[in-house]
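# Survey of secondary and tertiary structure
So you can see what is in the structure, the chains are spelled out below.
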Amino acid sequence: MVPPNSREDLSPLRTDSIGKDRLTISFEFFPPRDRAAEDRLLPNIRRLEGFHPRFVSVTYGAGGSTRENTLSTAARIGAESVIPPAAHLTCIDASREEVDSVARDYWNSGIRHIVAIRGDPPGRAKDYEPHPHGYAYAADLVSGLRRIANFEISVAAYPEVHPEAASAAQDLTYLKRKLDAGAARAITQFFFNSDAFFRFVDHVRAAGIDAPIVAGIMPITNIKRVQQFSRHCGVTLPAELAACFERLQQDPAASRRQAIATAAEQCRRLHAQGQRAFHLYTMNDAGLAAAVCKQLYEPLQNQGDN
Ligand code: FAD
């Protein structure tokens, strides 16, 4: 297990000097509930500017439940920080006209990057039924968005296979369809098994996909929630990792340090094996995201200085 590092130092780093070991980082936030929470979140997101993120994305509640808040948060990131915003958009439970209208609102608000996602039905994933007048799958959504404007588009990928997929091969076929439809990159579901990730990347390349695959990294800030998510999403959570965080449940400060150290170590190991692009699921904790980046970047920077 990674020894927790006691520092949570948020001072700026010269991340541009990482040189040949350069990596790209992006962050994901969910839209705050109201304007006051948004006002509190924005300065925290600006604290991440020093890491030169490729983008910060804002999730979208399936069925459009966060439509206004997603748009407003992403638009404010674009207007009030130097970080390019990306807004997620799901197509579940909505007609094409409704989805297209949200996309046009994004464009008119200065948002040029969409994370195009199908979304999940409430209840069991197996119950998915496309809206009769909607985009059935994310690939259809990507095609629709390309017709609306020249968006940069990212899509989702699943190193341990999407739970509804009949097979890994079929899942890969549909991933290729999304990228062929015009997506620029795929961001993965979170994972803890690096071997599964690299096997997946090998299969992706063998399938003729050359788009960047961005590794989705989830710091374990709440072990119960991560156990639940992992079960729901078919993600393997190693028993040793779960046990470590279960032991720390009564000590929030130590648990937080361990979450930071574990996420940074996961990124460092992936980086050492050639992975260069990382997407951090921040759970709206910008301080934690910054601390992970610090622990990730510092050793790389020192290597670059030698
Ligand atoms: P798709 O790519 O459409 O795939 C869904 C399933 O259908 C897969 O099993 C695939 O193999 C299969 N499939 C695809 N095309 C076809 C076809 N033509 N025929 C038959 N089967 C097909 N959820 C939210 O609600 N809001 C968000 O903001 C959000 N952001 C996310 C960001 C990332 C990076 C990730 C990894 C997930 C995100 N999710 C979000 C969760 C997402 O909604 C679920 O994972 C959902 O179940 C699948 O979305 P998708 O875009 O990958 O779907």
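Residues numbered from 1 in each chain as written. Predicted model: local features only at pLDDT ≥ 70, side-chain atom pairs only at ≥ 80, totals over all residues. Heavy atoms only, no water.

### A word on the overall build of the protein chain
- Of the regular secondary structure elements, the protein chain holds 10 helices and eight strands.
- In terms of C-alpha radius of gyration, the protein chain reaches 19 Å, essentially the compact-globule figure of 19 Å for 306 residues.
- For the protein chain, the C-alpha atoms occupy an extent of roughly 55 × 40 × 40 Å along the three principal directions.
- When the 306 residues of the protein chain are sorted by exposure, 52% land in the buried category.
- Contacts in the protein chain between residues far apart in sequence, at least 24 positions, make up 79% of those at least 6 positions apart.
- When the accessible surface of the protein chain is totalled, it reaches about 14000 Å², and 49% of it is carbon and sulfur.
- Once the 36 positive and 35 negative side-chain charges of the protein chain are each reduced to a mean point, those two points are 2 Å apart. (Helix = DSSP H or I, 4+ residues; strand = E, 2+ residues; numbered from the N terminus. Rg over C-alpha atoms; globule rule 2.2 N^0.38 Å. Buried < 20%, exposed > 50% of the residue type's maximum accessible area, 1.4 Å probe, protein only. Contact = heavy atoms within 4.5 Å. Areas by Shrake-Rupley, 256 points an atom, 1.4 Å probe, with all protein chains shown as cover. Lys, Arg positive; Asp, Glu negative; His and termini not counted. Charge placed at Lys NZ, Arg CZ, Asp CG, Glu CD.)

### Some remarks on the pairing of strand S6 (residues 185-190)
- Buried residues dominate S6, accounting for six of its six residues.
- Sheet topology note: the strand S5 (residues 152-157)/S6 ladder contains four bridges and is parallel. Within S6, the position partnered with Val155 by the bridge is Ala186.
- With helix H5 (residues 168-180) bridging S5 and its parallel neighbour S6, the resulting β-α-β unit is right-handed. (Pairing = 2+ DSSP bridges. Right-handed = clockwise from strand over helix to strand, strands pointing away.)

### Thoughts on the site of the ligand
- For the ligand, the set of nearby residues contains 23 residues, the closest of which are Tyr60, Asp120, Tyr158, His162 and Asp171.
- The separation between an oxygen atom of the ligand and a polar main-chain atom of Ala138 is 2.9 Å.
- One of the side-chain N or O atoms of His162 is found 2.7 Å from an oxygen atom in the ligand.
- Contact with the protein chains covers 86% of the free accessible surface of the ligand, which is 980 Å².
- When residues of the shell around the ligand are traced back to their parent elements, those giving at least two are strand S3 (85-90), H5 and S6.
- In terms of residues, the shell around the ligand owes the most to one element, H5, which gives four residues.
- Per-class residue counts for the shell around the ligand are 11 nonpolar, six polar and six charged. (Near = heavy atom within 4 Å. Polar contact = N/O pair within 3.5 Å; in protein donor to acceptor, adjacent residues only side chain to side chain. Nonpolar A, V, L, I, M, F, W, Y, C, P; charged D, E, K, R; others polar.)

### Observations concerning the pattern of salt bridges
- Scanning the model with the defined rule gives 17 salt bridges in all.
- Here Lys224 makes a salt bridge to Glu246, at a shortest N to O gap of 3.9 Å. You can see Lys224 sitting in helix H7 (residues 223-233) and its partner Glu246 sitting in helix H8 (residues 239-247), a full 22 residues away along the chain.
- For Lys224, a relative accessible area of 43% translates into the label partly exposed.
- By relative accessible area, which is 34% here, Glu246 ends up partly exposed. (Salt bridge = Lys/Arg side-chain N within 4 Å of Asp/Glu carboxyl O.)

### Some details on the sheet that holds strand S2 (residues 55-58)
- With respect to topology, eight strands assemble into a closed barrel ordered S1-S2-S3-S4-S5-S6-S7-S8, the strand pairing being parallel. Averaged over all neighbouring strand pairs, the angle between strand axes comes to 30 degrees, with direction disregarded.
- Sheet topology note: the strand S1 (residues 24-29)/strand S8 (residues 277-281) ladder contains five bridges and is parallel. Each residue of the ladder has a partner; that of Ile25, found in S8, is Phe278.
- Each of S3, strand S4 (113-117) and S5 is contacted by helix H4 (residues 138-148), which is oriented at about 150 degrees to S4, the strand it contacts most. (Axes fitted to C-alpha atoms, helices over the stretch in contact; angles between N-to-C directions.)

### Details of the packing of aromatic side chains
- A full pass over the atoms with the stated rule returns six aromatic pairs.
- Each ring, one from Phe197 and one from Phe198, has its centre 5.2 Å from the other, and the planes form 75 degrees; the classification is edge-to-face.
- Owing to a relative accessible area of 0%, Phe197 belongs among the buried residues under this scheme.
- By relative accessible area, which is 16% here, Phe198 ends up buried.
- Taking the ring centre of Trp107 as reference, the NZ or CZ of Arg112 above it sits at 3.7 Å. (Phe/Tyr/Trp six-rings, centres within 6.5 Å; stacked < 30°, edge-to-face > 60°. Lys NZ or Arg CZ within 6 Å of the ring centre and 35° of its normal.)

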